[in-house]
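Descriptive analysis of the structure
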Amino acid sequence: MFGPDFPFGYDRWLDHPAGLGQLPPHQLGQPVGIVGGGIAGLVAAYELMRLGLRPVVFEAEQLGGRMRSACFPGHPDTVAELGAMRFPPSATAFFHYVNLVGLGTRPFPNPLADATDATLIDINGTRHWARTSADLPVVYQAVGDAWAKALQEGAELSAMDDAIRRRDETTIKSIWNRLVRELDDQSFYGFLSTAPAFVSFRHRELFGQVGFGTGGWDTDFPNSILEVLRVVYTHADDRHVSIVGGCQRLPLRLWEHTPEALAHWPAGTSLAALHPAGPRPAVTRIARDGAGIRVETADSAEVFPAVVLTPQARLLLTRIDCDESLLPTPVWTAIERTHYEGSSKLFALADRPFWREVNPATGLPLMGTTLTDRTPRGIYLFDDGPDRPGVMCLSYTWNDDSLKVAALPAGERLDLMLRRLGRIYPDVEIRRRIIADPVAVTWETEPHFMGAFKANLPGHYRYQRRLFNHFVQADLPDHQRGVFLAGDDVSWTGGFAEGAVTTGLNAVWGVLRHLGGHTTPANPGPGDVFRAIAPVDLPYD
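All values reported here derive from a predicted model rather than from experimental measurement.

What the chain contains, in helices and strands, is 18 helices and 21 strands. For 541 residues, the compact-globule estimate of 2.2 N^0.38 gives 24 Å, and the C-alpha radius of gyration of the chain, at 23 Å, lies within 12% of that figure. Evaluated residue by residue, the chain yields a buried proportion of 60% over its 541 residues. Once local pairs closer than 6 in sequence are excluded, the contacts in the chain between residues at least 24 apart make up 72%. As displayed, the chain has an accessible area near 21100 Å², and 51% of this comes from carbon and sulfur atoms. Placing the 50 positive and 62 negative side-chain charges of the chain at their respective mean positions leaves the two points 1 Å apart.

Once that is clear, we can look at the nonpolar core. With 108 residues, the main nonpolar core has Phe94 and Trp147 as its most contacted residues. If you tally residues by element for this core, the top one is helix 2 (residues 39-51), at ten residues. Counting 25 residues, the second largest nonpolar core, distinct from the first, contains Ile286, Leu309, Leu316 and Ala334.

Attention now goes to the pattern of salt bridges. Inspection of every chain in the model, using the stated rule, returns 37 salt bridges. Between arginine 431 and aspartate 415 there is a salt bridge, and its shortest N-O distance comes to 2.9 Å. In this pair, arginine 431 is assigned in the loop between helix 15 (410-424) and strand 19 (439-442) and aspartate 415 in helix 15, connecting sequence segments 16 residues apart. Residue aspartate 415 is classed as partly exposed on the basis of its relative accessible area, which comes to 30%. Overlapping salt bridges bring together Asp5, Glu227, Arg230 and Lys454 as one network.

Considered for burial, the residues of helix 13 (residues 329-336) that qualify are Val331, Trp332, Ala334 and Ile335. One side of helix 13 carries all its buried residues, which in axial view fall inside an arc of 160°.

Let's shift gears to the sheet that holds strand 13 (residues 321-322). If you walk across this open sheet you meet the four strands as 11-10-9-13, and the pairing is mixed. Both edges of this open sheet fall to strand 11 (301-304) and strand 13, since each of them pairs with a single strand only. Pairing geometry for strand 9 (residues 283-289) and strand 13, over two bridges, is parallel. Within strand 13, the residue paired with arginine 285 across the bridge is aspartate 321.

Relative to the helices and strands, asparagine 506 resides in helix 17 (residues 497-514). Separated by 21 residues in the primary sequence, asparagine 506 and leucine 485 have C-alpha atoms spaced 8.8 Å apart. Filtering out sequence-adjacent residues up to four positions away, asparagine 506 remains in contact with Tyr10, Phe468, Phe471 and Pro526. Of the polar contacts made by the side chain of asparagine 506, one reaches the side chain of tyrosine 10; its length is 2.7 Å.

Here threonine 519 lies in the loop between helix 17 and helix 18 (530-533). For threonine 519, a relative accessible area of 11% puts it in the buried group. Looking at threonine 519, its side chain comes within polar contact range of the side chain of aspartate 528, at 2.6 Å. Discounting residues that sit within four places of it in the chain, threonine 519 has contacts with Trp13, Leu20, Gly21, Trp509, Leu512, Pro524, Gly525 and Asp528.

With respect to the secondary-structure elements, threonine 502 resides in helix 17. Taking relative accessible area as the criterion, threonine 502 reaches 10% and is therefore assigned buried. Within the structure, the side chain of threonine 502 is placed 3.3 Å from the backbone oxygen of glycine 499, a separation counted as a polar contact.

Turning to the state of the cysteines, a few remarks are in order. Using the criterion set out here, one finds zero disulfides in the structure. You can see cysteine 247 has no disulfide; the closest cysteine sulfur is in cysteine 71, sitting 12 Å from it. On the basis of relative accessibility, which here comes to 0%, the residue cysteine 247 falls in the buried class.

Right, let's get into the sheet that holds strand 21 (residues 483-485). Taken in spatial order, the four strands line up as 2-1-12-21 in an open sheet, and their pairing is parallel. Each having just a single partner strand, strand 2 (54-58) and strand 21 make up the two edges of the open sheet. Each strand axis lies, on average, 20° off the axis of its neighbour in the sheet, ignoring direction.

Cis geometry is found at the peptide bond from glycine 3 to proline 4, where omega equals 5°. Among the secondary structure elements, proline 4 is positioned in the segment before helix 1 (10-15).

Further remarks concern the packing of aromatic side chains. Counted by the stated rule, this structure contains 32 aromatic pairs. Ring plane angle 85° and centroid distance 5.7 Å describe the contact between phenylalanine 188 and tryptophan 217, whose orientation is recorded as edge-to-face. Note that phenylalanine 188 is positioned in helix 7 (residues 188-194) and tryptophan 217 in the loop between helix 8 (201-210) and helix 9 (225-233), a separation of 29 residues in sequence. With a centroid separation of 5.3 Å and 55° between ring planes, the pair formed by tyrosine 189 and phenylalanine 221 is classed as tilted.

The rules behind each value
Residues numbered from 1 in each chain as written. Predicted model: local features only at pLDDT ≥ 70, side-chain atom pairs only at ≥ 80, totals over all residues. Heavy atoms only, no water. Helix = DSSP H or I, 4+ residues; strand = E, 2+ residues; numbered from the N terminus. Rg over C-alpha atoms; globule rule 2.2 N^0.38 Å. Buried < 20%, exposed > 50% of the residue type's maximum accessible area, 1.4 Å probe, protein only. Contact = heavy atoms within 4.5 Å. Areas by Shrake-Rupley, 256 points an atom, 1.4 Å probe, with all protein chains shown as cover. Lys, Arg positive; Asp, Glu negative; His and termini not counted. Charge placed at Lys NZ, Arg CZ, Asp CG, Glu CD. Core = buried A, V, L, I, M, F, W, Y, C linked by side-chain atoms within 4.5 Å. Salt bridge = Lys/Arg side-chain N within 4 Å of Asp/Glu carboxyl O. Arc of directions from axis to C-beta. Pairing = 2+ DSSP bridges. Polar contact = N/O pair within 3.5 Å; in protein donor to acceptor, adjacent residues only side chain to side chain. Disulfide = S-S within 2.5 Å. Axes fitted to C-alpha atoms, helices over the stretch in contact; angles between N-to-C directions. Phe/Tyr/Trp six-rings, centres within 6.5 Å; stacked < 30°, edge-to-face > 60°.

These values are about where atoms sit, not about what they do.
Now the structure itself:
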């Protein structure tokens with residue numbers, strides 16, 4: 001996911017033998033506060049530990065954040081991926097840590113993916129089975145062609161794709177900075193409706209309901225086309241894999257992992273070893289005082305020379321009492337204006353992957369990965385073999401579709417989805433296959449999240465530039481330095497773990513420099529090259 005706003009090679013920075021940098025000897029062992037134990041916070045903590053600092057991690061719930069895997073009651077060996085569940089190979093910084101801790105992956109059963117035995121598309125009461133896109137009716141081929149043509153004619157897809165593959169920063173910035181100016185006021189839907197290839201509303205409707213790659217796009221129609229282009233350019237929606245055993249294994253293993261090379265700390269040191277009683281509890285207040293940044297919990301307080309803030313940014317306005325002096329006023333304004341998308345999921349556990357069985361009347365599988373304009377919207381099916389229980393994601397929805405079920409407990413959601421699915425699969429008795437209570441989540445009602453992920457509204461979103469750029473603090477007065485934002489909502493591609501990882505690494509560079517450290521000339525960090533490849537700054541007035 002190289003660029004296009006900030007095409008920096010985080011994977012190469014991580015893999016370079018020179019390491020991420022060095023600290024002055026008198027700073028070794030210095031404590032640094034890490035607020036939030038999601039993947040952004042844990043990556044920042046892990047790398048700061050490797051540099052010789054003592055990260056102090058605060059977490060209100062469980063390690064992992066929205067990389068959360070939940071077991072079914074009575075079935076500890078099967079998991080439902082409540083948050084992140086599919087990861088593109090282009091997320092190379094993320095996979096640096098997946099490989100580091102030795103986790104396995106397998107292809108994710110997206111619609112029409114190679115790993116998906118069958119896909120059913122149910123739109124306007126009409127159903128179509130397909131193994132590949134070539135199996136769909138001609139109108140779907142026309143929609144796919146229209147999308148490809150719109151991207152080529154309106155967004156230079158081939159040229160950008162080639163530049164990103166070659167990591168050609170100059171060409172990437174040339175194309176992107178021009179598109180940002182041209183499309184600053186364009187929504188996703190506006191881009192489609194003005195593209196000659198999408199002159200038909202029917203084509204736009206089908207594209208919104210079904211989309212390509214991971215499924216429908218219409219819940220993103222109000223967002224900026226620039227936000228969507230970021231996903232397309234970086235192949236963030238392509239060739240997804242899942243983490244074997246559940247994605248939460250990554251943050252949990254990173255917590256326990258002992259690096260081979262450590263400054264200051266003895267061999268065998270891990271984040272877990274530095275936190276023998278576990279992460280510190282939820283933070284209640286953060287403020288500056290004369291000695292640094294004061295972080296308070298319900299029963300303790302500690303002052304740090306630097307703090308990394310990784311909760312979803314809106315929690316800094318609601319659940320954590322933050323002093324105004326922590327951040328510059330324009331950054332607070334940007335946090336206030338950050339837009340979050342909602343998301344709900346419902347999972348059920350089946351006695352076995354029965355959906356692979358063939359319906360003798362039709363010769364087709366009993367069920368398949370499903371895209372529908374009905375309430376469930378997206379249905380995904382997972383199995384570990386014919387003799388093991390199978391996991392069914394019976395509904396995956398975003399935004400308004402998520403709000404439709406937000407007030408319903410898991411059991412009522414299950415009843416609702418089974419009724420809707422009965423109209424799509426009238427000959428399949430799904431309920432009698434279920435062997436455990438369902439598992440559900442609605443991220444906008446989760447008290448420590450209040451939303452699934454950030455998305456940019458129409459416009460280049462200058463607010464987002466303020467959040468992302470904040471880790472470079474050389475131009476700030478001394479009394480506004482030392483607090484660093486990280487997390488996928490600080491990145492330009494909210495909702496992707498890669499954005500959380502890379503902004504966590506930005507914060508590592510920021511802390512390193514704040515405490516008098518430096519990178520090596522052979523391996524410059526993101527802040528060292530920032531001015532050359534920074535996100536374009538459109539006029540404010």
